[in-house]
Protein chains: 2
Amino acid sequence: MLLLRTFLIFSAFIISRKCFAQTSPDSLYIRQIFDEALTNGQSYKNLDYLSNKIGGRLSGSPEAEKAVQWSKQLMESYKFDKVYLQEVMVPHWVRGAKEKASIQSSKSKVEVPICALGGSVGTGKTALTAPIIEVKTLDELKALGRSKVQGKIVFFNRPMDPRRVSTFEAYSGAGDQRRQGPSEAAKLGAVGVVVRSLNLFQDDLPHTGSLRYDETVPKIPAAAISTNGADKLSQMLQADPNLNFSYEMHCETLPEVKSYNVIGELRGSEKPNEIIAVGGHLDSWDLADGAHDDGTGCTQSIEVLRIFKNLNYRPKRTIRAVMFMNEENGVRGGRKYAELAKANQEKHVAAIESDAGGFTPRGFGIVAEPSKINAISKWKPLLSPYGLHDIGLGHAGTDIEPLAEVDKNAALIGFTPDSQRYFQYHHASNDTFDKVNKRELELGGASMAALIYLLDKYGL
Amino acid sequence: MLLLRTFLIFSAFIISRKCFAQTSPDSLYIRQIFDEALTNGQSYKNLDYLSNKIGGRLSGSPEAEKAVQWSKQLMESYKFDKVYLQEVMVPHWVRGAKEKASIQSSKSKVEVPICALGGSVGTGKTALTAPIIEVKTLDELKALGRSKVQGKIVFFNRPMDPRRVSTFEAYSGAGDQRRQGPSEAAKLGAVGVVVRSLNLFQDDLPHTGSLRYDETVPKIPAAAISTNGADKLSQMLQADPNLNFSYEMHCETLPEVKSYNVIGELRGSEKPNEIIAVGGHLDSWDLADGAHDDGTGCTQSIEVLRIFKNLNYRPKRTIRAVMFMNEENGVRGGRKYAELAKANQEKHVAAIESDAGGFTPRGFGIVAEPSKINAISKWKPLLSPYGLHDIGLGHAGTDIEPLAEVDKNAALIGFTPDSQRYFQYHHASNDTFDKVNKRELELGGASMAALIYLLDKYGL
């Protein structure tokens, strides 16, 4: 690709479409928003700093504290009308020394890549070694019963379904293994759990993520194994069902730590008490920089306010960028935000979250009453020139969902980027800054700014 | 991201939408096409081979010949009804030893990354060193006139416009510098040309691409300089307009070489003389693997036929996968294909080209009479669940355009993937297999298969 003469027809078409589209003041203003993001964007530079100078920032870590201070100072440097912190206590889980694992038979020992699931207990000072049994579903586990599970390590090995075009559907369809698997196995006397990484790609990287222990059963150590490792283990079990699995994890949960949500605001000129919030989560897993999850959401949200500030936009309503703390293993920040919104009798027109990676924009998922979804959908002609076609009922965001319980009128909106690449990096050691494309990141921030411009101007 | 409970509402929505969408036989069949691509896809494995075992394959090179033989054997292994070659003579330009360049003043010498533009003459055995003068446009060059240009190297430094959401528009808007710049400069007595790489990202990689010499003026050596190098050069010229630029290029044009288009067919059961062609170009630039440009188009096109074959689909019309030779520096394969289509009195319903990278699908650009564009646009409800929203008048493809002159009724269709990442890799040394995402590649092949299914079933 490609000879330039071939663009003559195409360019003429684009120009004519542009002229048509640019006749309305709203389309012109949205064009300005995108121009600002694409020519003067700061989100990529900011994400570089957050990813490479601060790095992985699990709740309670020194890096999370650094990220709090950095994002506060950054928003102050942009001279937003108000920048402040919301104190919140967060869990403090630490991974400890790097995990080790091997598949063992009488004849061989094959090392495989694992990592502890977030929140897991460790194996103690030495490795845990036990027979291992493979299942695909929680139902299959239950059908095996205590007699076949007792004393064993349970290996959950159901892949994400590659047929789902939205990879989030595939994630949703496989996540019960990671989330409930450990305690369901413990109920039947299992001593440990290994879960196939929630990754659609075949590689050697284990993907962490939270488990949810049932407090009524013993907490057993739970690890993620890479997709290649899971296939290897499954093949070896087919050949020899009497294998042992051996793993060593030194993770532990320490006392809770004081941390913060970080908030910046542009104050509304007409209706300052009506709030439009846009956010991401400042914490990340510890295995990588957390560039896509969710450095992008944070830097894009700050960028939304920076764009408005730089365009001298005077919002009617208060526009707020929120860096939520502790999405990954507790949602304490999201809950604290909702709790304080209630205490302060705040009225949210909408809350938007970007927590699906810094990929090319596709649209917005909305949780709200149908009339509000319809109202937003009517803006499609203004948004589709920027690739924003998928606008309708959908997923909003983990950190903003607690708002639904305190402010029934708030529209909860999830920014929806393209999902194909996300789970190749999600919660794994390759979620690093180099996987983020500058333009895709910038278009995401501009997309949210465009929607917020319309929400601010017309309300819901 | 993200807690799984948050998907309850979303999943319910998706399921209900699915059930609705799957009520028509066409939507069910298109679902099967995508399922086959996403669960049993071969294009990624094939692209790995083409990129990593064969590599860069400029027309006339041994690698281009290997790619011809490999793609023929691959299609034969899939047992397509017919696999054959179309002989075509192609230019044979070679780069020679790696280029070198430096910015020189009386005090300093700063090395910068360059590469020869495709088709350029070399500098001879030694470096070409001359004063350098910067311009942004061809008009600016002409305004300078012979007195200011004679004996100098002209530095074209107009960046691609980052505000264009379609990066192809930005490419189109900057490409005259590379294409016509060398001969326009030569007309005014310039001795050489350096062009800012057509890349929206700031990095150190020069991007090659064809120039077009005007045969009435001397051919002068023309190089691309990386975007960072271009900025550096421009800054240094601001500080000291009397700099010299020095570069050494050993490229040359050798005698033409015999090569081939490679074609595979599934023969139509009802209207075998009506053809639907789908293709990409088998040649690539020499600096990298040519994974995105255009290994993807080739492997996706073969995949289209493989999908139909594996689903036991019996097409009404003949479906043809075409690997065009020599898109990059001559379009000889595309012209030969059209010439033979005319000679054989073939009737093309449509020709589809994938030559914009293996990125997530966005739609199709169509060059055809309005009634045909409307007919295709009416299939949007069947295609939009797969992210194919942008369907309408647009860019088709360099290799299929010559068909327009011999078959007025053929709809020419360009597969349109997302364009944000393309020009970061385009014609540069980083256009390698690791930049391709497996699912994005597979969705592209399935998207073309879905459209071809509809074209085959309903005609145009």
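Owing to the predicted nature of the structure, the values given are computational and were not obtained by experimental measurement.

Thresholds applied
- Residues numbered from 1 in each chain as written.
- Chains lettered and ligands numbered in written order.
- Predicted model: local features only at pLDDT ≥ 70, side-chain atom pairs only at ≥ 80, totals over all residues.
- Heavy atoms only, no water.
- Axes fitted to C-alpha atoms, helices over the stretch in contact; angles between N-to-C directions.
- Helix = DSSP H or I, 4+ residues; strand = E, 2+ residues; numbered from the N terminus.
- Parallel < 35°, antiparallel > 145°, perpendicular 65-115°, else oblique.
- Contact = heavy atoms within 4.5 Å.
- Nonpolar A, V, L, I, M, F, W, Y, C, P; charged D, E, K, R; others polar.
- UniProt positions renumbered as here; feature names shortened; annotations may be inferred.
- Pairing = 2+ DSSP bridges.
- Phe/Tyr/Trp six-rings, centres within 6.5 Å; stacked < 30°, edge-to-face > 60°.
- Buried < 20%, exposed > 50% of the residue type's maximum accessible area, 1.4 Å probe, protein only.
- Lys NZ or Arg CZ within 6 Å of the ring centre and 35° of its normal.

Some points on the packing of helix α2 (residues 25-40) of chain A against helix α10 (residues 291-310) of chain A
Residues and elements named next belong to chain A. It is at 10 Å that the axes of α2 and α10 come closest, and there the two elements cross at 110 degrees. Considering their axes alone, α2 and α10 lie roughly perpendicular with respect to each other. On the side of α2, the interface is formed by I33, E36, A37 and N40, while α10 contributes E303, R306, I307, F308 and N310. When grouped by side-chain class, the residues that make up the contact of α2 with α10 number four nonpolar, two polar and three charged.

A look at the UniProt feature "domain: Peptidase M28" (unreviewed entry) in chain A
Here, the residues flagged by UniProt with the feature "domain: Peptidase M28" (unreviewed entry) are residues 261-447 of chain A. Between the end C-alpha atoms of residues 261-447 of chain A the distance is 23 Å, and the span holds 33% helix and 27% strand.

A word on the sheet that holds strand β7 (residues 192-196) of chain B
Within a sheet, each strand pairs with its neighbour through backbone hydrogen bonds, oriented either parallel or antiparallel. Residue and element names in this part refer to chain B. Ordered in space as β3-β2-β9-β5-β6-β7-β8-β4, the eight strands form an open sheet in which the pairing is mixed. Taken across any chain shown, the strands that pair with only one partner, and hence form the sheet edges, are β3 (109-111) and β4 (114-116). Each strand axis lies, on average, 30 degrees off the axis of its neighbour in the sheet, ignoring direction. Alignment of strand β5 (residues 128-135) against strand β6 (residues 153-156), held across four bridges, turns out to be parallel.

Some thoughts on the packing of aromatic side chains
Applying the stated criterion across every chain, the model contains 38 aromatic pairs over all chains. Taking the centre distance of 5.6 Å and the plane angle of 50 degrees together, the rings of Y29 of chain B and Y313 of chain B count as tilted. Residue Y29 of chain B is found in helix α2 (residues 25-40), and its partner Y313 of chain B is found in the loop between α10 (291-310) and β12 (317-324); the two are separated by 284 residues along the sequence. By the burial criterion, Y29 of chain B is buried, and Y313 of chain B matches it. Consider the rings of F308 of chain B and Y313 of chain B, whose centres lie 4.9 Å apart with planes at 35 degrees: the pair is tilted. Y313 of chain B carries the same exposure label as F308 of chain B, and that label is buried. Aromatic rings pair up to connect F168, Y171, F359, Y422 and F423 of chain A into one cluster. The side chain of K82 of chain A reaches across the aromatic face of Y84 of chain A, ending 4.8 Å from its centre.

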